[in-house]
Structures are given as structure tokens and as C-alpha cells.
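Listed below are the residues making up each chain.
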Amino acid sequence: MSMDTRGPVTEVDVEAFAYYLRNFTSGQLRLLSEHFRPEFICVIENDIPIVLQELTSRQVITHPQAQTYADLEKYQDATKAAETLVNYILTESQATAVGLWKSFFALRSRWSHPNLHGIVEEILQNGNALLEEILLNESGYNLDPEVEACQDEQKDILREQTKMLKESGRRHQSEGQSFPILSRYVEVKMVSDVHFRKQSFEEHEALAAAGELNEYRLRHKTQAELERITLDRLFRWCFRSGRLPQSVMVSGVAGVGKTTLMQKFVFDWATGRHYQKFTFVFLFKFRDLNALGPMTSLEQLIQRGYPHLRTNLPRLLQEPKKLLFIFDGLDECNEDLDLSRNQFQNLCTHVGDVKPVSMIVASLIKQTLLKGCSVLLTSRPNKLVRLETGVLHRVVSIVGFLSQERERYFRNFFEDDVVAKSALAYVRDSQVLYTLCYNPSYCWITCTALQPCYVSKMGQPQPLPKTVTQLFVSYIKHMLVNHSRPLPKPPEAREMLIKLGWLADYGLNNHVFIFDRNHLEAFGLDGSPFLTAFLVENIQADVSVSPVTYSFVHLTVQEFFAALVHYLDFNEKNFGDVMAAAQRNQGGEYEIFSRFLFGLSHPATRAPLEENLGKFSAVTTKRVIEWLAEMDWNVWMSLATGGRKKGTENKKKAMNVFHYLFEAHNAPLVRQAVDEASRMDFSELFLMPVDCIILAFILSCCKEIACLNLDSCFIQVEGLQRLGPQLHRVRELSLCNNDLRDAAMKDIACALKRSDCKLESLSLAKNAFTEPCCRDLGLALLENRSVLKLDLTKNKLQNEGLAHLLEAFSSPQCKIRELVIRENSLSDASCRNLCSALAGNTSLQLLNLNGNFFTDLCYEEMRSLILKSPLKEIRLSLNQFSAEAERHLKELEKEREDLKIDL
């Protein structure tokens, strides 16, 4: 059907759409509606009131029914209300289902949710083909007996390999009630068609608290701006490109569930739950492929991983459109994946071509090899910086647990609801730890670390962690004490952790995350009882390479051990080498390691481990503190003007130094590094709430800071809440373009009201402040005695908002010298009131009122203010004065030689 769905929607359009739907039989429409059930729920739960209003206006549901669903949202949650509503509509009658479709079609003119747009576009542009696709994905192709036998064997093998899924040391049974927690975030916490920006993805992404800035932005945008996508929709028709994608990238930070997602995808295929249009699915992990040597072929890859297909492989590869290749962990590949548009001469064209693995993958994606096949990859965001993602047909991002998922995880982890609530409340208050918990792996590590702090049967409760290093210390101690029977004596425990630490150090320095038996033997760990506590066994399909490999339960656990070993077994050369590598730190590989290294320098942080391992090296502590004290973050601040890209990189380095200082938790060290004349400029660097906590800690250690520029940092209200208690220490504060809403003004007002407030210059330009918050600001300014400059440009104060500020501006105690209220939709009445309020002000020297709605009706009041006030400069351009009025106002400069008037 050809229909323009981008413009305003009329009732004629709605009826035309309804007529189109009647072309489908009742069974076909039911099949399509059931297919879109997850999208229906996703759209509705984002704004239940607007959907209920549309449904009642079209008599799809009654007003009492609408109230029932509204109450369900209020007293339970939006998801429950949406699920119940969709279930009712889809089981009631075809008429109600058509009514829902019509409502969605009509809503697009006033609601731009991407899932809403995608639903309508897909059924319009791809309706009949979609019916075929649904049936094909349910039943697959008719296969001849020999191929079907191969497929059955392939499914049996993959089902066995993936039925028990591992996620950070915990196992998830994927049969029966599968993935009680995991399935929820897989289904609704992936966002599609993400346009990756190099600036955002240059953040190192090994740890949530380390700056998962783009992921944070995605979480904030999920509700209204990004398409939510389920696991069985990764290869669905894309309304933006108008095609079925053949190459899909799933991005996500370490531990968010990419590998588990791929295992779940394969398990569901093997059990016939989705994507039966793929006759064969081949799953490879880059970490395993690295061990195969520099050159191989696709044919060899398949034969090694799936030897049972060797005989029939040539026949199976004859129909590429029926094949799916999954490559998990691109970030662990030893080579860069080159997808540049002009790179064709080295690509493979035959399955027997011997090339590097990255070249084989590129050839599959660019369709020079097995044209028509599909490819699914996973990667951490930092790898995508150097990848030309435009070649891929779809890019999605897993954004992890939101608040409900975190709460559910804590309840499931702790058997006692009281303990679960208490632990979660502490983590929420900490925020540094709470930020970690959006990541399922860190959620598990956090809960494991908090167990000895809350559960009385474990003996004397440990002190609650405040930093990430303290959290990992608690985690390691818990695993050491509770997973080693009998409990080893300190010398034995120290010796074994040293061996484990040097293994971790070797892996970090050589980009090795998978270890075989030879590695364990080389470091004296073969047969160690510590293996099950900190390492995970990985059974390999290809026994010719290595029947069993080992990895740390999470990459950050490996990084922690790599840092810990330098305190347990100091070696001058090794320490010097690793610190030199950390200083270079081009790709961010040593960022988390460095935070742990600095964190362990604090005596209180390492004390719990010293009880079991003995004293840590004083030399290491001394060297680490000296190195940190010598790092001059001001150098990076001064270099921040060296071009946008270079400036952003330097700001990130400066923020990393602040994270190091936070982990060290050494206030004198902070004061040594940051003096009162420091100017902190993090403008245009996206900051998470956790970064704001780090900044707040730095500020709390200082009596006063000269300047803090947070323009365009996307901190929003949540970030400002973390900074609020320390903002009074800053003399010059700029918070422009942060999408700050009225709720944020309370934190700003609290800072202004403090008797020790140092704020002299405050810029709140280009935010979303409106009239209600002006009362708080006005009352704060009445008490404040420090502010000399105030910029409120491009907010939405309007007449009512300005009225709340006039008392402060007219106060004899007001010391403001520069006042900027540009582009706030102020009328003539506001102008007259402002002129009256400022008539007795003796401090104001510059007044900027550009871009409002002033006309000749307020000319006399403005003329009087100009002649009688001590103003040195007034700006009135882009208002609505007549040419004559502007000429008369400009002539007033002749009557006051010290005054400049801009019109």
C-alpha cells in the first residue's frame, strides 16, 4: 500500500488504513497482531494516558475500562497495565484489534515513538511479505531427509551446548521457565538503529562506573526516542532502510549480557522457538578463533567447530540465504575488522580462501563470500569507534537493567526481603555502586560482595563499600573465605593469589582473556583449589585445539587481580613496565586496572584482605601515591582547546584522573592535585551521574574552586542532584545546555542560600527552566550575597517566571552586576515590571534582554531606566521595537557618555 505516513494524519487517512487492514482475513490479521504484541506493549507502556484517550475516543474501550487500566498503572506498573490492555484487545474481537491499529495510526501525528512508527510502516509496506516471513520463521523450509538429518544433529549439539548459560559465574537454566531475569532485559532493554558517534564511543567501557556515557544516554533515550527490539526481531524488516537486514551488530558494555544473549539466541533457534528460516546457525567466539593462528578459511572454521557437518558441508553452503553466522566478542579479536567501502581486493570469494579471521568476517558482511547469508556480531562499544558501522544493516545496543530489573535481581539474590531492600537502599544511596548494577554481571558481583555486610550467619559484618575498589575487595574476600575449604592460612592464600595475579597481569599486558592448561601450569595454578572461586571453565567444541579453557569470571575481576598482585609481590621492573603502559593507555585497556591500583593504596580499603593475605607492599603504596601526585590534570585542561576531538580526549583524561583520586579516597592528595585557582572545563563531555559523584567528591576535598564549566554535558536533573551539595564551593559555574528542568533548581537554590557560598558567576542558559522554579531561585537570590553574574538565556521563564525574580532584583542587597535574560518570551508588561524593579538597583552594570517580545508600548519605561540607572551597557536587539523607537533609544547614548546601547 502506498501511503505517506510522515505528514499530519486525518480521519480520511485513518479510514483508508482501516480499509487496507480489511484486505487481510481475520486469521491473517490475528497472526499479524500477535506478531506485534511486544511492540504494542512497548508503545503503550511509554504513555498509557495518551493511548487510553485515543482508544476511548474511538470506542475501542469504555471510560470505566480506561480508568481500570489507569489504576493498574498507578498501583502496579506501566508494563503490567500495557500487557493487560493488549491481552484484552487481542482476545476480544477483530473489531477491537482493528480499533487498536487505527488508534496507533492516528497517534503518529502527535507522538513520534519509533516503535509506533515502525509498526505502522511495517504492516503498510511489508504486510503480505511479513505474513510469509512469520510462517517461515515458525516452520522453516522443507528439507530433504539428508539435510534435515544434518540439521537435527546440529540443533542437538547447539541445544546441549547452550542449555546451561553462564552469566558471571551464575548459571541460568534455559529450559522451562527460562531466564527469569535475563529474558526481561533482553526483550525490552535493547534499542535499535543506534547511530554511533565517535565522540561518545571513545570512552573505555570495561566498567559502568568508568564512563559508560553512550550507554547512559541510550538508557535515558529508550523511553521516547529509540526503538525497543526483542531477541526474535534482530533480523526483522527495518522501516528506516526498508529492507530485511542481513548484517546485525549487537553492542553492549562488558558483562551486560552479549554472550549470554547469543547463547539464548542459539538455544531458541535449536529448540524451534524462532528464526527457523535459518536452516543452519554457526556460532563462533573471537576469543576461541584467536587460537587458530593468523590464517584460516571459512571452510576450516566450520569443520573445526562442527566436525559432524564435514561430509555434507559443500552441499549445505550452496544456499547461503538459509545460513546465519554468529561471531561473538569482536572486541576480543586480535585484528581490526576493516569494513571500509573501498576495501574489496583482499576479501574472500570462496569458502576455501585462506585469510585472517577478520577478513573472512568482513567478506561475509560485505557479501563477497556466500552472498545472501546473514551475519550477527557482538562487540563492546569502544571497538565500534574504528568500525565503519554504516556498512551494517542494523546496529542495536543492550542497555541493561533499569530500576525495576535491579530491584528484582536483589530480591532474587537475597532470600530475605528485608536484607534485599536494605542492600538495595544502600547501593542506591551510594550511586557509584548503583550505577554498576545496570550491568547484570556487576549486579551479581555487587550482591555477592554485600552478602558478608548484611547476612549475620557469615559472622561479623564487614564495613559497607564506598568505592568500586572496596566493592571488589569485599567480593574477593567473600569468595576467598566461602569458596575455599579448608580456609587457607595467610601465607598459602597469599602465594596462590600471587600466582593468580601474575596470570591476570600476563593476560592484561598481552590482551589474553582465555587461558589454557599450559598457561595454568606456567603460573603454577594447575590443580589449584582457587580455580573454581575465580576462574570459569569453558568446554570447547573443538577438542583438537584445547578441550578446556579458562577465563576469569569477569574481565574486571582479572583487572583487579592484575592490580592486586603488585601489592602482594612487588617487582620493580614489572611495576615500572605496567605503569608505563598505563600512562600510554591509548585504547583505555589500563583504565580500570589503574583505578584498582590507586584504590588499593588506601589502608582502609585493603584492610579486609590483609586479614587473610598479610600486609601489602609499602613500596607499591608509596610509588602509586607519588605517581598520582605527579599527574597534572591541569595539563589536560589546558590542552582542551586543541581542536574538538583533541579537547574531548584531554577532558576524558582529566576525568579519569578524578576517578583515580576518588578510588584512592585521599583528601590531602586531592588538595595537592587541585588548587583553588583550578579551572575545570568538561564542556561537551557527556557525564553520567557517577561522574558527577566523582566531581562532587573532588569539590568536597577543596575549600574553593575557581571555575567549573559543565556546558552541554547532558547531566540532567539526576547529575545535578549529585553535584548540588558541593556547588557552593565554585566561584564561576556554567550549566548551559543540560536539559535541566524545574526540579534541578532546588539544588541550585540550596547552594545559593549557603552562608559560605562562593558563587560569583552562574550561567543557567539553554535549559528547560519554567515559571514554577523561579520562586525557588528568587528566594535564594534574596539570601545570596555572592552572585555578581546571572545568565538565564533561552529558558521558558516568561512573564510569570520573571515576576518571581523581581523582588530579588529590586533588593538593596542585590549585588548582581551582569544580568542576562535573553530569549525568554518576555512581554511589554514584563519589561515595565523589570524596569520598575531595577529603578533603585545600584549594582547592575550590564543588562541583556535580547530576543524577547518588547514593543514600543514599553518604550517610556525603558527610556527612564536607561537614563536613571547606573547601567554601563544594555542590549535590546531582536525585540519588536519600531525603527523609530530604536533610533530614539540609541540617541540616549548621547545623554550618557558612559553607556552603550545595543539594538
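Before reading on, note that the structure itself is shown above.
Let me sum up the structure you'll find in this document. (Residues numbered from 1 in each chain as written. Predicted model: local features only at pLDDT ≥ 70, side-chain atom pairs only at ≥ 80, totals over all residues. Heavy atoms only, no water.)

## Points about the sheet that holds strand β18 (residues 846–848)
Phase 1 of the analysis: Strand order in the open sheet formed by 9 strands is β12-β13-β14-β15-β16-β17-β18-β19-β20, with parallel pairing between adjacent strands. Lying at the two open borders of the sheet, with one neighbouring strand each, are β12 (679–681) and β20 (900–902). The sheet shows a mean angle of 5 degrees between the axes of neighbouring strands, direction not considered.
Phase 2 of the analysis: Strand direction decides the pairing type here: strand β16 (residues 789–791) and strand β17 (residues 818–820), joined by 3 bridges, are parallel. What sits directly across from Lys-789, in β17, is Glu-818. (Pairing = 2+ DSSP bridges. Helix = DSSP H or I, 4+ residues; strand = E, 2+ residues; numbered from the N terminus. Axes fitted to C-alpha atoms, helices over the stretch in contact; angles between N-to-C directions.)

## Topic: the packing of helix α40 (residues 859–868) against helix α41 (residues 883–891)
Phase 1 of the analysis: The N-to-C vectors of α40 and α41 enclose an angle of 15 degrees; their axes lie 10 Å apart at closest approach. Taken together, the axes of α40 and α41 lie roughly parallel to each other. Here the hand of the crossing between α40 and α41 comes out right-handed. Across the interface between the two elements, Tyr-859, Met-862, Arg-863 and Ile-866 from α40 touch Ala-885, His-888 and Leu-889 from α41. (Parallel < 35°, antiparallel > 145°, perpendicular 65-115°, else oblique. Left-handed = near helix turned anticlockwise from the far one by under 90°. Contact = heavy atoms within 4.5 Å.)

## Structural notes on the side chain of Glu-704
Phase 1 of the analysis: By secondary structure assignment, the location of Glu-704 is in the loop between α34 (689–700) and β13 (705–709).
Phase 2 of the analysis: One polar contact links Glu-704 to Arg-731, side chain to side chain, over a distance of 2.3 Å.
Phase 3 of the analysis: When near neighbours in sequence (up to four residues on either side) are disregarded, Glu-704 contacts Asp-675, Glu-676, Arg-729, Arg-731 and Lys-758. (Polar contact = N/O pair within 3.5 Å; in protein donor to acceptor, adjacent residues only side chain to side chain.)

## Remarks on the pairing of strand β6 (residues 280–285)
Phase 1 of the analysis: With 5 of its 6 residues buried, β6 lies for the most part within the structure.
Phase 2 of the analysis: Pairing of β6 with strand β7 (residues 323–328) involves 6 bridges; the strand directions are parallel. Bridge pairing in β7 links Phe-280 to Leu-323. (Buried < 20%, exposed > 50% of the residue type's maximum accessible area, 1.4 Å probe, protein only.)

## Thoughts on the nonpolar core
One recurring pattern in soluble globular proteins: nonpolar side chains tend to sit buried together.
Phase 1 of the analysis: Counting residues in hydrophobic clusters, the biggest one holds 176 residues, and the most contacted among them are Phe-682 and Phe-809.
Phase 2 of the analysis: Of all hydrophobic cores here, the second largest spans 69 residues; its members include Val-250, Val-266, Phe-327 and Leu-364. (Core = buried A, V, L, I, M, F, W, Y, C linked by side-chain atoms within 4.5 Å.)

## Some details on α40
Phase 1 of the analysis: Residues of α40 that are buried include every one of Tyr-859, Met-862, Leu-865 and Ile-866, and no others. Buried residues along α40 cover an arc of 130 degrees about the axis, so they all sit on one side. In this structure, α40 carries Glu-860 and Lys-868 as exposed residues pointing more than 90 degrees from its buried face.
Phase 2 of the analysis: For α40, the secondary structure elements touched by its buried residues are α39 (828–838), β18, β19 (873–875), α41 and β20. (Arc of directions from axis to C-beta.)

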